[in-house]
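Residues per chain are reported as follows:
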Amino acid sequence: MHKPRLQLQASFDIAHLQYLDNQGKATQPLPEFATPDWLTHCYRQMQLARLVDDRAVKLQRTGRLGTYPSTLGQEAIGIATGNALDADDVYCPYYRETGALLERGVTIEEILAIWGGDERGQNFQHSPNDLPICIPIATQMLHAVGVAFALKQRHQQEGAPLQAAVASSGEGATSKGDFYEAMNLAGVWKLPVVFVVNNNQWAISVPRHGQTATQTIAQKAVAAGIPALQVDGNDIVAVAWAVRDALQRARSGEGPALIEAISYRLCDHTTADDASRYRSAEALEQAWQWEPIQRLDRHLREQGLWSDAKQQDLDRELAATMEAALGNWHARVPEPVTAMFDHLYAQLPEGLYEQYDQLRDEQQQGADA
Amino acid sequence: MGEQEKTITLVEAVTQALAFELAINPEVVVFGQDIGANGGVFRATDGLQERFGAARVLDTPLAETMIAGVAVGMATQGLRPVAEFQFMGFIYPGLDHILSHAARMRNRTRGRLSCPIVYRAPYGGGIHAPEHHSESTEAIFAHIPGLRVVVPSSPARAYGLLLASIRDPDPVLFLEPKRIYRAAKQPVPDDGEALPLDRAFVLREGHDLTLVAWGASVKETLEAAEQLSAGGIEAEVIDPATLKPLDIHTIIDSLEKTRRCVVVHEAARFGGLGAEIAAQIQEYAFDVLDAPVQRVTGYDTVMPYYQLEGAYLPGVERILAGAHNALEYSRSGPSSSRSESALNGGATQP
Ligand SMILES: Cc1ncc(C[n+]2csc(CCOP(=O)(O)OP(=O)(O)O)c2C)c(N)n1
Ligand SMILES: [Mg+2]
């Protein structure tokens with residue numbers, strides 16, 4: 001058979017970044033931002049995220065919370081991402097983001113409200129330009145591109161410093177057209193946007209290899225002409241370096257980037273899921289060996305920055321924080337049912353007054369009965 | 001007989017119908033997100049991959065445009081794809097393929113190619129689900145020429161109508177009311193007997209009032225009918241089951257007896273199917289009506305998060321209020337069915 005001669009047109013490399021190995025040992029000198037204070041702050045925040053997740057799952061089990069997606073085992077990604085963002089950057093989170101939201105200043109009460117069926121939880125008090133958590137998969141990536149366009153325009157027209165948008169997602173989301181479309185436009189328009197993909201190996205029951213035949217998720221960015229990096233997602237220093245570097249480049253006008261953070265979903269998909277139906281106990285057991293909190297704990301102890309006494313203090317402090325948040329959450333006054341009309345439009349159109357009145361009257365009759 | 005008399009839930013009836021058709025028709029392929037080893041997030045495909053193999057029962061990557069679109073290609077070549085959307089709220093990326101291709105292929109090729117696809121999706125509220133998991137947007141799909149929209153309201157109808165939908169030569173959107181997936185059990189013989197599409201079911205006979213409802217709302221509508229009966233009013237309850245095309249004749253036949261009608265649906269009111277049914281009733285039966293057709297529906301709001309979903313969903317009380325509006329209406333009387341204050345602009349501005 002005839003074999004034509006071919007000329008190589010393009011090739012690519014995907015790099016992987018790690019600072020702390022499984023045992024918490026530094027595999028290379030840590031970057032300057034990774035000071036003892038920063039490391040212990042991240043450690044605290046990861047522990048807090050794990051505690052919030054744990055309590056939320058328990059609240060769901062006792063019928064006091066709706067379906068909840070835990071971040072168990074993936075805390076480093078969210079904390080590193082949330083931490084790397086400036087207050088004026090805009091975050092476009094997906095739903096599995098308890099840690100990142102905490103770093104953005106979203107309160108525990110707000111997070112519980114969202115999953116407790118109360119829209120007020122999305123009214124983030126401390127990050128007013130951030131988008132609400134996004135449930136329709138991958139749609140937030142396009143929104144982030146639009147946000148980045150707006151940030152760039154504001155910079156060019158008003159001389160405001162260039163800020164960046166960050167969209168988070170899972171690896172399953174990278175199968176959707178929205179993901180490719182978002183990266184494509186971000187590349188063409190050279191927009192200040194960073195896509196952070198939590199590759200936790202599962203999209204509900206579908207494993208990574210059932211999602212894509214590609215070797216890495218990171219290389220999907222190559223087709224859009226944007227830089228990509230794969231990082232050890234359970235190494236908070238590596239995730240933080242990658243996000244900070246991508247953000248810094250975005251803010252200096254160098255355009256978008258994709259970060260694939262390799263982790264593992266140690267929990268069920270959500271509280272509505274039972275992962276034992278499709279995932280072996282051995283795989284789970286193995287994944288626990290490289291989870292992010294234990295790794296940082298080992299590193300901090302090795303550096304003499306952590307001790308049992310400090311851990312006890314932290315446990316007490318976090319428990320008190322959690323209790324206070326739960327107290328506030330329980331004390332929230334339920335929204336009046338008519339709230340479903342209050343934010344439909346800037347001003348309720350006259351055509352809806354009758355329905356509004358009907359709902360209010362029904363509620364009143366229910367209360368009187 | 002033993003096997004045939006198994007008492008099953010609505011979601012089990014879906015599984016039973018899929019299994020029956022997979023067994024007798026090699027052209028049937030079932031696919032969607034998490035439908036294989038996991039058996040679907042509601043377990044509607046439980047055990048099917050094990051039984052029929054991963055070549056016919058397939059997990060797809062996460063992309064609804066893809067799910068809707070590959071079904072079109074498969075169907076044009078003679079396969080019978082049964083594609084699952086995990087929730088109705090996630091169909092929309094697939095709308096392009098459903099609307100622009102599946103529903104038109106036969107027409108565009110003047111009958112040369114067709115799309116015998118079943119798109120399945122759980123729909124509706126009332127299970128304390130997260131955002132986007134509780135909507136009822138059947139009217140968007142019923143508006144699409146060339147598409148059938150089918151909604152079962154009992155295990156037996158789920159079984160019979162799903163079989164009919166898979167065997168139908170045209171595309172069907174099969175919406176499964178998840179609030180009643182496990183609400184009731186019923187013996188459903190696994191005999192492969194389909195129920196007719198495009199036919200309404202009279203679930204309860206009565207001569208005073210006609211109540212029309214489908215999906216999960218049938219439950220509250222039947223309860224309302226029982227309460228009316230205790231007060232001496234006999235309501236006829238009709239489940240159209242196929243929402244598009246609509247069997248208006250069964251409704252008109254009923255109205256010739258009862259002369260009064262209430263349509264109940266969870267979906268938002270504006271442009272909902274209650275409007276279509278009311279319009280057809282006045283076209284075909286204006287003269288028999290003793291009262292304007294009443295609509296008892298969800299509000300024209302975004303489907304709220306679950307704290308407020310109970311206030312949003314039409315319950316027995318609201319259906320009874322609608323029934324009384326229809327029953328107490330008289331042409332000359334003061335109690336116009338639509339609040340006069342609202343029409344006069346007298347409603348309060350919130
Ligand atoms: C468009 C859309 N389709 C389906 C779903 C249902 N769903 C919720 S999460 C999920 C899997 C997501 O997996 P991945 O992107 O890897 O994120 P992870 O949950 O693993 O963090 C699916 C299918 C959805 N929310 N949106
Ligand atoms: Mg995942």
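Scroll up to find the structure this text is about.
In this report, the structure presented in the accompanying data block is examined. (Residues numbered from 1 in each chain as written. Chains lettered and ligands numbered in written order. Predicted model: local features only at pLDDT ≥ 70, side-chain atom pairs only at ≥ 80, totals over all residues. Heavy atoms only, no water.)

With respect to the overall build of chain A
- A count of helical and extended segments in chain A gives 13 helices and eight strands.
- The C-alpha atoms of chain A give 22 Å as radius of gyration, which agrees with the globular expectation for 369 residues (21 Å, within 12%).
- Dimensions along the principal axes, computed over C-alpha positions, put chain A at roughly 80 × 55 × 50 Å.
- Here chain A displays about 16,500 Å² of accessible surface, and carbon together with sulfur accounts for 51% of that area.
- When the 31 basic and 47 acidic side-chain charges of chain A are each reduced to a single mean position, those positions are 7 Å apart. (Helix = DSSP H or I, 4+ residues; strand = E, 2+ residues; numbered from the N terminus. Rg over C-alpha atoms; globule rule 2.2 N^0.38 Å. Areas by Shrake-Rupley, 256 points an atom, 1.4 Å probe, with all protein chains shown as cover. Lys, Arg positive; Asp, Glu negative; His and termini not counted. Charge placed at Lys NZ, Arg CZ, Asp CG, Glu CD.)

Brief notes about the side chain of Gln 16 of chain B
All names here are of chain B.
- Position of Gln 16 among the secondary structure elements: in helix H1 (residues 10-24).
- Here Gln 16 falls in the buried class, since its relative accessible area comes to 10%.
- From its side chain, Gln 16 meets the backbone oxygen of Val 188 in a polar contact 3.0 Å long.
- Ignoring any residue separated from it by four or fewer positions in sequence, one finds Gln 16 in contact with Lys 6, Ile 8, Tyr 159, Val 188, Pro 189 and Asp 190. (Buried < 20%, exposed > 50% of the residue type's maximum accessible area, 1.4 Å probe, protein only. Polar contact = N/O pair within 3.5 Å; in protein donor to acceptor, adjacent residues only side chain to side chain. Contact = heavy atoms within 4.5 Å.)

Brief notes about the coordination of the magnesium ion (ligand 2)
All names here are of chain A.
- Surrounding the magnesium ion (ligand 2) are the protein donor atoms Glu 171 (OE), Asn 200 (OD1) and Trp 202 (O), which sit 2.1 to 2.2 Å from the metal.
- Here the donor residues for the magnesium ion (ligand 2) map to a single chain with the spacing E-x28-N-x1-W.
- According to the relative accessible area criterion, Trp 202 is buried, its value standing at 13%. (Donors = N, O, S within 2.8 Å, 3.2 Å for Na, K, Ca; no water.)

Concerning H1 of chain B
Residue and element names in this part refer to chain B.
- Taking 1.5 Å of rise per residue, 15 residues should cover 21 Å, and H1 covers 21 Å from first to last C-alpha, within 8% of that figure.
- Counting buried positions over the 15 residues of H1 gives twelve, a clear majority of the element.
- Those residues of H1 that sit buried are Leu 10, Val 11, Ala 13, Val 14, Thr 15, Gln 16, Ala 17, Leu 18, Ala 19, Phe 20, Glu 21 and Leu 22. (Expected span 1.5 Å × (residues − 1).)

Points about the environment of Ala 186 of chain A
Residue and element names in this part refer to chain A.
- Mapped onto the elements, Ala 186 comes out in helix H6 (residues 177-188).
- Separated by 39 residues in sequence, Ala 186 and Gly 225 place their C-alpha atoms 9.4 Å apart.
- Those residues in contact with Ala 186 that sit more than four places away from it in its chain are Val 145, Leu 191, Val 193, Phe 195 and Pro 256.

Concerning the interface of chain A and chain B
- In this complex, chain A contributes 48 residues to the contact, which on the side of chain B involves 42 residues.
- Summed over both partners, the interface of chain A with chain B buries about 3,600 Å², with 59% contributed by carbon and sulfur atoms.
- Sorting the residues of chain A by area buried against chain B places Arg 277, Met 340 and Glu 354 of chain A first, and these three jointly supply 18% of that buried surface.
- The interface formed by chain A and chain B contains two salt bridges.
- Close ionic contact of Arg 318 of chain B with Glu 362 of chain A constitutes a salt bridge, the shortest N to O distance being 3.5 Å.
- Along the contact surface separating chain A from chain B lie 13 residue pairs in polar contact (both at pLDDT 80 or more).
- The dominant element in the side of chain A that touches chain B, judged by the number of residues it contributes, is helix H13 (residues 353-368) of chain A, at nine residues.
- Here the side of chain A that touches chain B is built from residues that sort into 23 nonpolar, 13 polar and twelve charged. (Buried area = accessible area lost by both parts, 1.4 Å probe. Salt bridge = Lys/Arg side-chain N within 4 Å of Asp/Glu carboxyl O. Nonpolar A, V, L, I, M, F, W, Y, C, P; charged D, E, K, R; others polar.)

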